[in-house]
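Coordinate analysis (summary)
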Amino acid sequence: MSSILRTGLAGLALIGLGSCGDEMVSRNSFESQYAVARNALEGGQYDRARRSYQKLLQQAGPLAPRLQLEYAHTELRAGNYEQAAQIASSLARSQKGLARSAALAVQGTAQHELGLQQLSEGNTAAGQQNLTAANNALQEVLKSNPDLDPLGAMAGRQAKISSRLKRL
């Protein structure tokens with residue numbers, strides 16, 4: 001079979017898939033949008049990930065908390081610490097157990113980075129406030145779900161925060 005014929009048949013197959021029922025298209029569309037968002041996050045394409053997660057959250061249903069956590073993580077990795085902290089904090093207030101701890105871990109990390117940024121800019125009061133909030137969030141995670149820190153990185157971050165707060 002020639003490559004032109006194969007390409008044409010593949011195109012017809014894709015057109016046929018596009019005409020399937022709304023439910024199948026909707027589910028496949030959500031799954032493909034999620035794949036785009038997740039791949040963008042993992043690939044460092046934070047603007048693309050942000051846009052994708054924002055679209056997904058409009059139709060997330062019971063997956064909303066998971067997507068909000070990934071969206072907060074996107075903002076954190078993009079260096080948008082204030083936005084990441086707000087999203088994660090809001091999520092933590094609405095969750096319990098492991099889901100709350102996961103949100104608090106992102107919140108604490110974002111507030112730590114934001115606090116350090118504020119301190120370097122000479123904004124001591126705001127920096128101290130964010131470091132205190134970060135310390136509290138990470139302490140709760142480490143107390144409630146220590147298994148979320150198998151290598152001790154979170155405990156190390158919390159210790160650095162605590163030490164910095166003592167010097168302020």
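Anything mentioned here points back to the structure above.
Presented here is an overview of the structure given in this document.

Quick notes on the rules
- Each chain carries its own residue numbering, running from 1 in the direction its sequence is written.
- Reporting of local features is limited, given that this is a predicted model, to residues whose pLDDT is at least 70; pairs of side-chain atoms are given and counted only at 80 or more, and all residues count toward the totals for whole chains, interfaces and linings.
- The side-chain numbers reported here are obtained from all heavy atoms of the structure, hydrogens and water having been left aside.
- Each helix is a run of DSSP H or I of at least 4 residues and each strand a run of E of at least 2, with the numbering of both proceeding from the N terminus.
- Remark: exposure states derive from per-residue accessible area (1.4 Å probe, protein chains only) relative to the maximum for the residue type, with buried under 20%, exposed over 50%, and partly exposed in between.
- Note on contacts: a residue pair is in contact if any heavy atoms of the two residues lie within 4.5 Å.
- Here, a salt bridge means any Lys or Arg side-chain nitrogen found within 4 Å of an Asp or Glu carboxyl oxygen.
- Nonpolar cores are built from buried Ala, Val, Leu, Ile, Met, Phe, Trp, Tyr and Cys residues. Side-chain atoms within 4.5 Å join them into one set.
- Here, axes are lines fitted to C-alpha atoms. For helices the fit covers the stretch in contact, and angles between N-to-C directions go from 0 to 180 degrees.
- Roughly parallel here means an angle under 35 degrees, roughly antiparallel means over 145, roughly perpendicular means 65 to 115, and every remaining angle is called oblique.
- With the far helix as reference, a near helix turned anticlockwise by less than a right angle produces a left-handed crossing, and one turned clockwise produces a right-handed crossing.
- Note that Gly is not counted as nonpolar here; it falls among the polar residues with everything else outside the nonpolar set of Ala, Val, Leu, Ile, Met, Phe, Trp, Tyr, Cys and Pro and the charged set of Asp, Glu, Lys and Arg.
- An expected span of 1.5 Å times one less than the residue number is assigned to each helix.

Things to note about the overall build of the protein chain
Secondary structure summary: the protein chain contains 8 helices and 0 strands in total. Each helix (α) and strand (β) of the protein chain, taken in turn from the N terminus, gives the series α-α-α-α-α-α-α-α. Considering the protein chain as a whole, with its 168 residues, one finds that 35% of them fall into the buried category. Within the protein chain, contacts between residues at least 6 apart in sequence are counted, and of these 49% link residues at least 24 apart.

Thoughts on the side chain of Gln107
You can see Gln107 is positioned in helix α6 (residues 97-120). What Gln107 contacts, discounting residues up to four positions off in sequence, is Ala85, Ala88, Ser89, Ala92 and Ala137.

Description of the pattern of salt bridges
Using the criterion set out here, one finds 7 salt bridges in the structure. Residue Glu140 pairs with Arg100 through a salt bridge whose shortest N-O separation is 2.7 Å. Pair noted here: Glu140 is in helix α7 (residues 124-144) and Arg100 is in helix α6, with a separation of 40 residues, a long-range link. Given the relative accessible area of 28%, Glu140 is considered partly exposed. Look at the salt bridges and you will find they share partners, linking Arg38, Glu42, Arg66 and Glu70 into a network.

What to know about the side chain of Asn135
When you line up the elements, Asn135 lands in helix α7. Overall, Asn135 belongs to the buried group, its relative accessible area being 9%.

Observations concerning the environment of Tyr81
Along the chain, Tyr81 turns up in helix α5 (residues 81-94). Beyond its immediate sequence surroundings of up to four residues, Tyr81 is in contact with Glu75, Leu76, Ala110, Glu113, Leu114 and Gln117.

Concerning the nonpolar core
Within soluble globular proteins, side chains that are nonpolar generally end up buried alongside one another. Judged by nonpolar contacts, the single largest core of 37 residues is most densely connected at Tyr53, Leu56, Leu67, Leu76, Val106 and Ile161. Mapped onto this core, the elements with two or more residues apiece are α2 (22-42), α3 (46-57), α4 (64-77), α5, α6, α7 and α8 (153-167). Not counting residues within four places of it along the chain, the set of residues in contact with Tyr53 comprises Tyr34, Ala37, Arg38, Leu41, Leu67, Glu70, Tyr71 and Thr74.

Structural notes on the packing of α5 against α6
Remark: α5 packs on α6, axes separated minimally by 8 Å, with the N-to-C direction vectors making an angle of 150°. Here α5 lies roughly antiparallel to α6, going by the angle between them. Crossing handedness for the pair α5 and α6: left-handed. Together, Tyr81, Glu82, Ala84, Ala85, Ala88, Ser89, Leu91, Ala92 and Arg93 of α5 and Arg100, Ala103, Leu104, Val106, Gln107, Ala110, Gln111, Glu113, Leu114 and Gln117 of α6 make up the contact between the two elements. Taken together, the residues that form the contact of α5 with α6 break down as 11 nonpolar, 4 polar and 4 charged.

Section: α5
The end-to-end C-alpha distance of α5 is 20 Å, a good match for the 20 Å that 14 residues give at a rise of 1.5 Å each. All buried positions along α5 are accounted for by Tyr81, Ala84, Ala85, Ile87, Ala88, Ser89, Leu91 and Ala92. Elements that come into contact with the buried residues of α5 comprise α4 and α6.

Comments concerning the packing of α6 against α7
The interhelical angle for the contact between α6 and α7, taken along N-to-C directions, is 155°, at an axis separation of 7 Å. One element, α6, and the other, α7, form an angle in the roughly antiparallel class. For the pair α6 and α7, the sense of crossing is left-handed. Of the residues contributing to the contact of α6 with α7, the split by class is 12 nonpolar, 13 polar and 2 charged.

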